[in-house]
Amino acid sequence: MNFNENDIEYYLLTKEYTSLSSKELEFVKEAIPTEEEYNSMRQLLLAMEEVPLEDELTPNPEIKDSLVTAFEKARWEKGVGTKEAAKVVSINQEKDNRKKGVFWFSIAASIVLLIGLFLNREYLFLPENNQLAMLDEPKNVEEKNKELSSNKENIAEVDMDNETESTIEYEENELLDNNEVATIIEEDSESSSINREETSLEYKTITSQPSAGNQLALNEVTEKEIIAEGSFDDSEVIAFADEVAEESGFANLSDKDLTSMKVSTSAASSTIVTSESQSLEGDKEMIDLFYTAL
Amino acid sequence: MKLNKQAYTTYTDEQLMDEVVKGNSRAFTELYDRYSKPMLNYFYRMLWQDKLKAEDFMQELFTKIIQKPHLFNSKLKFKTWIFSIANNMCKNEYRKQEVRKGSNNDLHENIIGEDASDAVKKVDQSLFNKRLKEELNLLSESHKQVFILRFKQGLSLKEIADVLDVSEGTVKSRVFYTLKKLSANLKEFNPIAISVALILGIF
């Protein structure tokens, strides 16, 4: 029992009635009017202090466990406290958990990124394996250009007069129709054969303007045969015309008729040659343009 | 864990209760450790020294704190608040016992009667405690509460006034009325007289 000077019990336990001062006696008399009552109460309090208290009870530990469990359960239920308080608790805890989660996630992501960089360091930092670096290096560019240039068609400049040729390979394309010319001419610097560039450009066909007499014969002569044969001179044309004449039944023609035919054929051949030269000049221009483009 | 536990031991009862309202289980555990034993013994003394009933009441008391922590009045001390809850629980139990008094009303009285007839024959400290309990049970509820709160639980007059929701003067008068009545009924247990008798070899 703990009392202080403001408590009457303090004087009951510490002082006899006769030992009280005037002030203290005045204070005690507010609650205890007589000395006999003072002494009786004093005796009781002293007995209570002297006699040891009965053994106090100790709570069962199971009660504590059950209460703590109930507290944990009630914290997440609606019925615990006010809803506002419950919300505050959960929000605060959630915020803390989120912060912690973001923190650890960022650390994990950083570690994964560093591992990835470390594993792929060759591809990122070594120029040999760096595709981007390869493209930027001029050395590779030059090589590539060489490759491209090696795959390009060489353009032959043909001087029809001197028949000089700069020979390069050509690709062969098919003749599509009468308006397109695409042939492959093998390289032959000695022959008079003409190398033609294969292009998709349209050329005017070399057509002959036969006379009426040998219209049929000339019609049977394809451009291909003419060009494949290369350039023609008059004797060759005539010989060829004779062959055609025989086949077509013109062998019995008179000399006059033959002469006119020869003239016509020679005119046609010259026309063809002229046309060819004209077309070659045109080709030359186209070839120059093509080469320039490349 | 140890640091947290030490931190909560330095908290006041009111700070712990604030944490309990926020859902802090450790604060609740600390409060329970502080008040479980005093409240158990309070119920034991108030409810006719029935240990099982005292444990039930103590558990029910803390369950109420778990369920409605927001009802804590921050203007009052926690000690006053928890004793006021316990006091109300005892009042309700007394009302129930008054209803049952017709059938079992002789139980406590018989015990008291038998003990009172044999009390003067033996000088025994344990008997004194027993007699004291019996005398307390004979008192009215309000006087009994005041006596236990004052001399067993150590509450001040102001705290008792807050618990019982009465004035300090009322508490003061009840305290000394109880002391007066008990001292008159337990006069044979005058310690001074007993000491003298032992010295003289009377007993």
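Please read these numbers as outputs of a predicted model, since none were measured by experiment.

### Points about the overall build of chain B
Part 1: From N to C terminus, chain B includes eleven helices and zero strands.
Part 2: In chain B, which comprises 203 residues, the share counted as buried stands at 46%.
Part 3: For chain B, contacts bridging at least 24 residues in sequence account for 60% of all contacts bridging at least 6.
Part 4: Per element, the accessible surface of chain B, about 10500 Å² overall, is 51% carbon and sulfur.

### With respect to the nonpolar core
Residue and element names in this part refer to chain B.
Part 1: Judged by nonpolar contacts, the single largest core of 76 residues is most densely connected at Met39, Tyr42, Phe43, Phe62, Phe78, Ile82 and Leu179.
Part 2: Counting residues per element, this core draws most heavily on helix 3 (residues 25–46), at eleven residues.
Part 3: For Phe43, the residues in contact, after removing those within four places along its chain, are Ala54, Phe57, Met58, Leu61, Ala86, Met89 and Cys90.

### Some words on the packing of helix 4 (residues 61–75) of chain A against helix 4 (residues 51–67) of chain B
Part 1: Put simply, helix 4 of chain A and helix 4 of chain B touch, their axes get as near as 10 Å, and they point 20 degrees apart. One element, helix 4 of chain A, and the other, helix 4 of chain B, form an angle in the roughly parallel class. Two packed elements cross with a definite hand, and for helix 4 of chain A against helix 4 of chain B that hand is right-handed. On helix 4 of chain B, the residues touching Ile63(A), Ser66(A), Leu67(A), Ala70(A), Phe71(A) and Ala74(A) of helix 4 of chain A are Glu55(B), Met58(B), Gln59(B), Phe62(B), Thr63(B) and Ile66(B).
Part 2: Split into classes, the residues belonging to the contact of helix 4 of chain A with helix 4 of chain B amount to eight nonpolar, three polar and one charged.

### Remarks on the packing of aromatic side chains
Part 1: Enumeration over the complete set of coordinates arrives at 18 aromatic pairs over all chains.
Part 2: Over the face of the ring belonging to Phe118(A) we find Arg121(A), whose NZ or CZ atom lies 4.5 Å from the ring centre.

### With respect to the confidence of the model for chain B
Residue and element names in this part refer to chain B.
Part 1: Of the residues in chain B, 77% reach a pLDDT of 70 or more, and the chain-wide mean stands at 80.
Part 2: Across residues 103–123, where pLDDT falls below 50, the model places 20 contacts with residues more than four positions away in sequence or in other chains.
Part 3: Across residues 192–199, confidence stays below pLDDT 50; counting only partners more than four residues off in sequence or on other chains, it has five contacts.
Part 4: Complex prediction metrics read pTM 0.50 and ipTM 0.75.

### What about helix 7 (residues 125–138) of chain B?
Part 1: Between its terminal C-alpha atoms helix 7 of chain B stretches 20 Å, which fits the 20 Å expected from 14 residues at 1.5 Å a residue.
Part 2: Here helix 7 of chain B has its buried residues at Leu127(B), Phe128(B), Asn129(B), Arg131(B), Leu132(B), Glu134(B), Glu135(B) and Leu136(B).

### Considerations on the interface of chain A and chain B
Where the parts come together, the accessible area they lose is often given as the size of the interface.
Part 1: At the junction of the two partners, chain A supplies 44 residues and chain B supplies 47 residues.
Part 2: Between chain A and chain B lies a buried interface of about 4000 Å² when both sides are counted; carbon and sulfur atoms form 67% of it.
Part 3: Where Arg45(B) meets Glu56(A), a salt bridge forms, and the shortest distance between an N and an O atom there is 3.5 Å.
Part 4: Counting across the chain A and chain B interface gives nine residue pairs in polar contact (both at pLDDT 80 or more).
Part 5: If you list the elements that add at least two residues to the side of chain A that touches chain B, you get helix 1 (8–14), helix 3 (35–50), helix 4 and helix 5 (83–119) of chain A.

### Quick look at the side chain of Thr29(B)
Part 1: Its location among the elements puts Thr29(B) in helix 3.
Part 2: Of the polar contacts made by the side chain of Thr29(B), one reaches the backbone oxygen of Ser25(B); its length is 2.9 Å.
Part 3: Among all residues touching Thr29(B), those that are not within four sequence positions of it are Lys64(A) and Val68(A).

### Concerning the packing of helix 2 (residues 13–21) of chain B against helix 3 of chain B
Residue and element names in this part refer to chain B.
Part 1: Helix 3 packs onto helix 2 with a crossing angle of 140 degrees between their chain directions and a minimal axis gap of 8 Å. Here helix 3 runs oblique to helix 2, going by the angle between their axes. Between helix 2 and helix 3 lies a crossing whose hand is left-handed. Only Ala27, Phe28, Glu30, Leu31, Arg34 and Tyr35 of helix 3 make contact with helix 2, whose side of the interface consists of Asp13, Leu16, Met17, Glu19 and Val20.
Part 2: Considered class by class, the residues forming the contact of helix 2 with helix 3 number seven nonpolar, no polar and four charged.

### Some remarks on the environment of Leu25(A)
Residues and elements named next belong to chain A.
Part 1: Note that Leu25 resides in helix 2 (residues 22–28).
Part 2: By relative accessible area, Leu25 is classed as partly exposed at 22%.
Part 3: A C-alpha to C-alpha distance of 9.5 Å links Leu25 and Tyr11, two positions 14 residues apart in sequence.
Part 4: Excluding its chain neighbours within four sequence positions, the residues that come into contact with Leu25 are Tyr17 and Leu20.

### Here's the deal with helix 3 of chain A
Residues and elements named next belong to chain A.
Part 1: Look at helix 3: 22 Å from first C-alpha to last across 16 residues, which is about the 22 Å you get at 1.5 Å a residue.
Part 2: Listed in full, the buried residues belonging to helix 3 are Glu37, Tyr38, Ser40, Met41, Arg42, Gln43, Leu44, Leu45, Leu46, Ala47 and Met48.
Part 3: Between the side-chain oxygen of the N-cap and the backbone nitrogen of Glu37 there are 3.3 Å, and the N-cap of helix 3 in question is Thr34.

Reading the values: the criteria
- Counting restarts for each chain: residues are numbered from 1 in the order of the written sequence.
- The order in which chains are written sets their letters, starting at A; the order in which ligands are written sets their numbers, starting at 1.
- Where totals are concerned, whole chains, interfaces and linings use all residues; where local detail is concerned, this predicted model gives features only for residues with pLDDT of at least 70, and gives and counts side-chain atom pairs only at 80 or more.
- With hydrogens and water stripped out, all remaining heavy atoms of the structure feed into the side-chain values.
- Helix numbers and strand numbers start at the N terminus; a helix is a DSSP run of H or I with at least 4 residues, a strand a run of E with at least 2.
- Partly exposed describes any residue whose relative accessible area lies between the buried limit of under 20% and the exposed limit of over 50%, with all areas from a 1.4 Å probe on protein chains only and scaled to the type maximum.
- A contact between two residues is defined here by any heavy atoms of the two lying within 4.5 Å.
- Per-residue and other accessible areas were derived by the Shrake-Rupley procedure at a 1.4 Å probe size, with only the shown protein chains allowed to occlude residues.
- Put simply, a nonpolar core is a bunch of buried Ala, Val, Leu, Ile, Met, Phe, Trp, Tyr and Cys residues held in one set by side-chain atoms that sit within 4.5 Å of each other.
- Note on geometry: axes are C-alpha line fits, over the in-contact stretch for helices, and angles between N-to-C directions span 0 to 180 degrees.
- Orientation labels follow simple angle bins: below 35 degrees gives roughly parallel, above 145 gives roughly antiparallel, 65 to 115 gives roughly perpendicular, and whatever is left gives oblique.
- It is the rotation of the near helix from the far one that decides the hand of a crossing: anticlockwise by less than a right angle makes it left-handed, clockwise makes it right-handed.
- Side-chain classes follow a simple rule in which Ala, Val, Leu, Ile, Met, Phe, Trp, Tyr, Cys and Pro form the nonpolar group, Asp, Glu, Lys and Arg form the charged group, and the remainder, Gly included, forms the polar group.
- Whether two aromatic rings pair depends on their centres lying within 6.5 Å, for rings of Phe, Tyr and Trp, where Trp uses its six-membered ring; planes under 30 degrees apart make the pair stacked, over 60 edge-to-face, and the rest tilted.
- When the NZ atom of lysine or the CZ atom of arginine is within 6 Å of a ring's centre and also within 35 degrees of its normal, the charge is said to sit over that ring.
- Each residue carries a pLDDT score, the predictor's confidence in it, ranging from 0 to 100.
- What a helix is expected to span follows from its residue count: subtract one and scale by 1.5 Å.
- For any pair of parts, buried area is found by adding up, for both, the accessible area (1.4 Å probe) each one loses once the two are put together.
- For this document, the term salt bridge refers to a Lys or Arg side-chain nitrogen within 4 Å of an Asp or Glu carboxyl oxygen.
- Whenever a nitrogen or oxygen atom comes within 3.5 Å of another N or O atom, the pair is scored as a polar contact, on the condition that within protein one atom can donate a hydrogen and the other can accept it, and that pairs from neighbouring residues in sequence are kept only if both atoms are in side chains.

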